[in-house]
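# Breakdown of the fold
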Amino acid sequence: MLDWLNVVSAWAVPVMIAFIPLYAYLKKVPVYESFVDGAKDGFSTAIGIIPHLVGMMVAISVFRASGALDALVGWMAPLLARLNVPPEVLPLGFLRPLTGTGSLAFTTDLIKTYGPDSMIGRIASTIQGSTDTTLYVLTVYFGAVGIKNGRYALKVGLFSDAVGFVAAIAVCLVLFG
């Protein structure tokens, strides 16, 4: 069974890459022209979201460089210590909704420093998989389609990130604590 799954997973992407253009050709779809038109649309979408991405990256940089993140972690550290939550993972809770790359770099640093099998490494890895880059998603996708009012999506997304953050910590403390 495992050998069969390995063969399927190795061939799934190449078969799909060959199948889709072949199917389109058989349906008399101009494959190359459709591809070029899609690439043109993708390029204009990418150019349209650049201002949104730049604004988000500047805000993240200001938040971290100003010391606000460090001050917030310092303020919450005593409460986290009482709950047996390592304060080292708290910045991940703030970074993850903002930036996937930044939170991944922070997680990588935590794992290098404390080890993948430490409680901090386990919690950081679980947070990384349990939350999403909400502000990035809203910036890119809403900016791409021109949605101006995303306040409800923002509230739901940030609430979901908070629930994922707390749940990741709770699960790790129960399973590994």
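Source: prediction; values computed, not measured.

## Some points on the packing of helix 2 (residues 31–65) against helix 7 (residues 134–145)
- Contact geometry for helix 2 and helix 7: axes closest at 8 Å, N-to-C directions at 145 degrees. When the axes of helix 2 and helix 7 are compared, the crossing they make is right-handed. Contact with helix 2, carried on its side by Thr 45, Ile 49, His 52, Leu 53 and Met 56, involves Leu 135, Tyr 136, Thr 139, Val 140, Gly 143 and Ala 144 of helix 7 and no other residues of that element.

## A short note on the layout of surface pockets
- Within this model, the largest pocket holds a volume of roughly 240 Å³.
- Around the largest pocket, the lining comprises 14 residues; the ones closest to its centre are Gly 93, Phe 94, Pro 97, Leu 158 and Ala 162.
- Of all elements in the fold, only helix 4 (90–95) and helix 8 (151–176) reach the threshold of two or more residues within the lining of the largest pocket.
- Per element, the largest residue contribution to the lining of the largest pocket is 5 residues, and it comes from helix 8.
- Broken down by class, the residue content of the lining of the largest pocket amounts to 10 nonpolar, 2 polar and 2 charged.

## Quick word on the UniProt feature "transmembrane region" (unreviewed entry) in the chain
- With numbering matched to this structure, UniProt assigns "transmembrane region" (unreviewed entry) to residues 7–26, 46–66 and 156–176.
- Secondary structure within residues 46–66 divides into 95% helix and 0% strand; the distance between the first and last C-alpha atoms comes to 30 Å.
- The annotated region residues 156–176 carries 100% helix and 0% strand content, and the separation between its end C-alpha atoms amounts to 29 Å.

## Structural notes on helix 6 (residues 119–130)
- Over its 12 residues, helix 6 extends 16 Å from the first C-alpha to the last, a length consistent with the 16 Å expected when each residue adds 1.5 Å.
- Of the surrounding elements, those touching the buried residues of helix 6 are helix 4, helix 5 (100–114) and helix 8.

Scoring rules and cut-offs
Residues numbered from 1 in each chain as written. Predicted model: local features only at pLDDT ≥ 70, side-chain atom pairs only at ≥ 80, totals over all residues. Heavy atoms only, no water. Axes fitted to C-alpha atoms, helices over the stretch in contact; angles between N-to-C directions. Helix = DSSP H or I, 4+ residues; strand = E, 2+ residues; numbered from the N terminus. Left-handed = near helix turned anticlockwise from the far one by under 90°. Contact = heavy atoms within 4.5 Å. 1 Å grid on protein atoms, 1.4 Å probe; cavity = no way out; pocket = protein on both sides within 12 Å on 5 of 7 lines; lining within 4 Å. Points joined across faces, edges and corners; volume = space filled by probe spheres on them. Nonpolar A, V, L, I, M, F, W, Y, C, P; charged D, E, K, R; others polar. UniProt positions renumbered as here; feature names shortened; annotations may be inferred. Expected span 1.5 Å × (residues − 1).

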